[in-house]
Amino acid sequence: GFLGAMPANRRSMASAWPTGFRGSQDTDVSFTSFGNIKTLTALGGGIARVKDASVRARMQELQSAWPVRSTYQRLWTVL
């Protein structure tokens, strides 16, 4: 799967990426944000596509040390 994957009958050919966005194959890292004001929103968060497994593992290690936001904090952000 990849960002934007959906059944063919639901894709819009008017979309910039009718088959989904994968980022450039020439890049080491691609980031996509799902902020509240975006057309394609998940009410916050994002996704990173990282080619190098060791870089990806280090990113996951650093992120795992961050505190997890409470449900209340998340709700406050959305509202």
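Residues numbered from 1 in each chain as written. Predicted model: local features only at pLDDT ≥ 70, side-chain atom pairs only at ≥ 80, totals over all residues. Heavy atoms only, no water.

(A) Region of interest: the pattern of salt bridges. All told, the structure shown has one salt bridge when counted by the stated rule. Across the pair E61 and R58 runs a salt bridge whose closest N-O atoms are separated by 3.1 Å. With E61 and R58 both in helix 1 (residues 53-64) and three residues apart, the pair spans about one turn of that helix. For E61, a relative accessible area of 49% puts it in the partly exposed group. (Salt bridge = Lys/Arg side-chain N within 4 Å of Asp/Glu carboxyl O. Helix = DSSP H or I, 4+ residues; strand = E, 2+ residues; numbered from the N terminus. Buried < 20%, exposed > 50% of the residue type's maximum accessible area, 1.4 Å probe, protein only.)

(B) Quick look at the side chain of S30. Locating S30 in the fold gives a position in strand 1 (residues 29-33). According to the relative accessible area criterion, S30 is buried, its value standing at 12%.

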